[in-house]
Amino acid sequence: METNSVSKLLLLVFTVLFVGSELIHCSVTYDRKAIIINGQRRILISGSIHYPRSTPEMWEDLIGKAKDGGLDVIDTYVFWNVHEPSPGNYNFEGRYDLVRFIKTVQRVGLYVHLRIGPYVCAEWNFGGFPVWLNYVPGISFRTDNGPFKAAMQGFTQKIVQMMKNEKLFQSQGGPIILSQIENEYGPESRQLGADGHAYTNWAAKMAVGLGTGVPWVMCKQDDAPDPVINTCNGFYCDYFSPNKPYKPNLWTESWSGWFTEFGGPIYQRPVQDLAFAVARFVQKGGSLFNYYMYHGGTNFGRSAGGPFITTSYDYDAPIDEYGLIREPKYGHLKDLHKAIKQCEHALVSSDPTVTSLGTYEQAHVFSSKNGACAAFLANYHSNSAARVKFNNRNYDLPPWSISILPDCRTDVFNTARVRFQTSQIQMLPSNSRLLSWETYDEDVSSLAESSKITASGLLEQISTTRDTSDYLWYITSVDISSSESFLRGRNKPSITVHSAGHAVHVFINGQFSGSAFGTSKDRSCTFNGPANLRAGTNKIALLSVAVGLPNVGFHFETWKAGITGVLLNGLDHGQKDLTWQKWSYQIGLRGEAMNLVAPNGVSSVDWEKDSLAVRSQSQLKWHKAYFNAPEGVEPLALDLSSMGKGQVWINGQSIGRYWMVYAKGSCSSCNYAGTYRPAKCQLGCGQPTQRWYYFSIQLQHYILILSKILFLNIFFHINWCF
Ligand code: GAL
């Protein structure tokens, strides 16, 4: 008796401890229906917000708005190149403060999907890889290559350890419920064959071995090995099934809009089509979807990839670049989320029964054992409405739409019926005054004198600059005999400059001759123009400009940029090939070397007083002005429509590259008149792709612009508006 009661007591004590430790150590697993958090299958609604694309001051507000919009999860990539700018030197400050970002999500009460990559694509410079990685001996990116795998593992481990130290995984009580390794590696892997497959298996094993206690995913990776879940990315994912029947159906990138490229149009995705795609995924049994992007933000500094990705990464997302709610996208999706959440119990506890309601109409019904019932009624016809009978009731379904009935009776939401007005952003001039303009010339004529880099022939740009600057000068000289007949008024010679990308400005004897630009489709370009040569020694200076490093494409790390060939045409002996002669190089501009952009300026530089109306003789100039911080708390933007191409800093912070290049191509109407439209439509043709440049800095009286004024004949003015 005695013994018995003692052992019972012990048992009780142990049980409480066990339950207690279960409560502390939360867990995340999955089954074929859903991600399971603390024993509960969940329908998870997620949105991408990339921490370096906004400022820490904005994070709480953005995440709060995401929560109000019905999201459960914030999804972000981890951006290796901002965290490890040189090997072993780390930066997790300011916009790069990953831990602060995740803790902000936790404080607001949402989960995190941490997509470590470390390859991220994301229209981000070099797909997130640090440029130095490319110069590690023997390296080959994203394949079964020792040096690459060592570096990738090192960074992944570092991030995982950092998260563990801060107890940020759900298994430790933190908000991270999922992690991603690699990114859309499937197509790459197929191209590589055995090496690709071996690398996939290695990456999965390496990640799982880190023991985070939460599941790993690989997106667009059909052969993701167990226990890693393969997931879908795309405008639509209703066709998708995971590679094993015991894995849940997850959609890691439901594209809410699209990114923009300098010279291209602005894309929009109608919210009706987006909501339809999401509802279609959920009715098929999908249990997590993530909007890529929920807030796109800004590619500050030189973080944009591409090349040619714009500074704005607005993406037509539900929260716009300025952090403002975009209607009807935000509100309509919020309604959709509410309707889906009302169905959650039925969705996670049963499989749909699909019945036909007509040629183009279907019902998906989820009924759980305990009586919960949810139905999705779909009309797939792209432009005819339908009246369907379901459970003896009539339902009207607009074309290309799904109605959600959380109790199998009441139509609480239809993807095509939008009850929100379109929000319009109004740019208003601020009350701030410009106090003065000063300018500083990049002196093209004195180039090369101090150059330390010389070579016989033309160097590849990125391996020369290591991307420390967008700019690389190629300088050479050519002797012209006084007997050349063009000097006596015959046909002038011309110069041909071939470039592998991305843009080139040509100067002869200090005079600007012209420019050529590649495009996102063809990075290379050729300049052909008159060569204003004289008898004696002539100086040829070519300014090659990178506009963001590639972020996607088979072995993009091997793609070249810079000048590849230079020819003079129309001389007495015909063509003169300058390609293989001696060239001198200067990495970056003088103003960069002197750090003109530092918040407190450089006193040794003679800035010239300028006025807005003064026309400058030089094409390549730095412009500086002070202004009073505008009053109010509204987001601010610079109107750079009167500028050319360059970069802009405020208080030492680069707010990005600007370029008033016009959007080419044909635009399609974005009016969604209740009928199916392609997933994205295009706006802004014939206008500069990006006119407004967002900044949210706690600004203090200082602005500096490096401007290569090409299109505006030097005269410029600047407006800023909020
Ligand atoms: C996906 C990629 C993302 C992003 C997106 C387009 O394929 O995974 O990182 O680049 O395309 O915005």
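Refer to the structure above for everything that follows.
Quick caveat: nothing in here was measured; it's all calculated off a predicted structure.

### Comments concerning unusual backbone geometry
- With an omega of 5°, the peptide bond running from Gly306 to Pro307 counts as cis.
- With respect to the secondary-structure elements, Pro307 resides in the loop between strand S12 (288-295) and helix H9 (329-342).
- Here the phi dihedral of Cys121 falls at roughly 65°; this positive angle occurs in a residue that is not glycine.
- Note on placement: Cys121 falls in the loop between strand S6 (111-117) and helix H5 (146-165).
- On the basis of relative accessibility, which here comes to 10%, the residue Cys121 falls in the buried class.

### A short note on H5
- With 20 residues, H5 ought to run about 28 Å at 1.5 Å a step, and its terminal C-alpha atoms sit 28 Å apart, in line with that.
- Every buried residue of H5 is listed here: Phe148, Lys149, Met152, Phe155, Thr156, Ile159, Val160, Met162 and Met163.
- Where H5 is buried, its residues touch helix H3 (80-83), helix H4 (98-108), S6, strand S7 (176-181), helix H7 (194-208) and strand S8 (216-219).
- Two to three positions downstream of the cap, the backbone nitrogen of Phe148 sits 2.9 Å from a side-chain oxygen, assigning the N-cap of H5 to Asn145.
- Phi for Lys167, located one or two positions after H5, is positive at around 55°.

### Points about the sheet that holds S8
- Taken together, the eight strands give a closed barrel; going around it, the order is S4-S5-S6-S7-S8-S9-S10-S12, and neighbouring strands pair in parallel fashion. Taken pair by pair, the neighbouring strands of this sheet meet at an average axis angle of 30°, ignoring direction.
- Inspection of the sheet shows S8 paired to strand S9 (residues 229-234) by three bridges, in the parallel sense. The partner of Val217 across the bridge, within S9, is Ile229.
- Along the sheet face, H4 touches strand S4 (44-49), strand S5 (73-77), S6 and S7 and points at about 155° away from the line of S6.

### Notes on the pattern of salt bridges
- This structure, assessed with the given rule, holds 32 salt bridges.
- Among the salt bridges present, the one from Glu344 reaches Arg42, with a minimum N-O distance of 3.4 Å. Here Glu344, found in helix H10 (residues 344-349), pairs with Arg42, found in strand S3 (residues 40-42); they are 302 residues apart in sequence, far enough to count as distant.
- Residue classification places Glu344 among the buried residues on the basis of a relative accessible area of 16%.
- Judged by its relative accessible area of 18%, Arg42 is buried.
- Where Asp639 meets Arg691, a salt bridge forms, and the shortest distance between an N and an O atom there is 2.8 Å. Separated by 52 residues along the polypeptide, Asp639 in strand S33 (residues 636-639) and Arg691 in the loop between strand S36 (681-683) and strand S37 (692-695) bring together distant segments of the chain.
- Salt bridges here are not isolated pairs; linked through shared partners, they connect Arg42, Asp72, Lys341 and Glu344.

### Overview of the site of the ligand
- Around the ligand, the structure places 15 residues, and the nearest of them are Tyr77, Glu123, Glu184, Glu253 and Tyr315.
- Glu123 is positioned with one of its side-chain polar atoms (N or O) 2.7 Å from an oxygen atom of the ligand.
- Here Tyr315 contributes a side-chain N or O atom positioned 2.5 Å from an oxygen atom of the ligand.
- Contact with the protein chains hides 95% of the accessible area of the ligand, taken as 310 Å² for the molecule alone.

Parameters and conventions
For every chain, the first residue of the written sequence is number 1, and numbering continues from 1 onward in sequence order. Restriction of local features to residues with pLDDT of at least 70 applies here, the model being predicted, together with a cutoff of 80 or more for giving and counting side-chain atom pairs; totals for whole chains, interfaces and linings are based on all residues. Side-chain numbers here rest on the full set of heavy atoms in the structure, without hydrogens or water. For helices the rule is a DSSP run of H or I covering at least 4 residues; for strands it is a run of E covering at least 2, with both sets numbered from the N terminus onward. With a 1.4 Å probe rolled over the protein chains alone, any residue whose accessible area is under 20% of its type maximum counts as buried; one over 50% counts as exposed, and the rest are partly exposed. Multiplying 1.5 Å by the helix residue count minus one yields the expected span of that helix. Residue contacts are defined here by distance: any two heavy atoms, one from each residue, within 4.5 Å place the two residues in contact. Any N or O atom pair separated by 3.5 Å or less is treated as a polar contact, with the protein-specific requirement of one donor-capable and one acceptor-capable atom, and with residues adjacent in sequence counted only for side-chain atom pairs. Two strands are counted as paired when DSSP detects at least two bridges linking them. Under this scheme, a helix contributes an axis fitted over its contacting stretch, all axes are lines through C-alpha atoms, and angles between N-to-C directions fall in the 0 to 180 degree range. One side-chain nitrogen of Lys or Arg within 4 Å of one carboxyl oxygen of Asp or Glu is enough to make a salt bridge. If a single non-hydrogen atom of a residue is within 4 Å of a molecule or strand, that residue counts as near it. Calculation of accessible area relied on Shrake-Rupley with a 1.4 Å probe; when residues are assessed, cover is drawn exclusively from the protein chains displayed.

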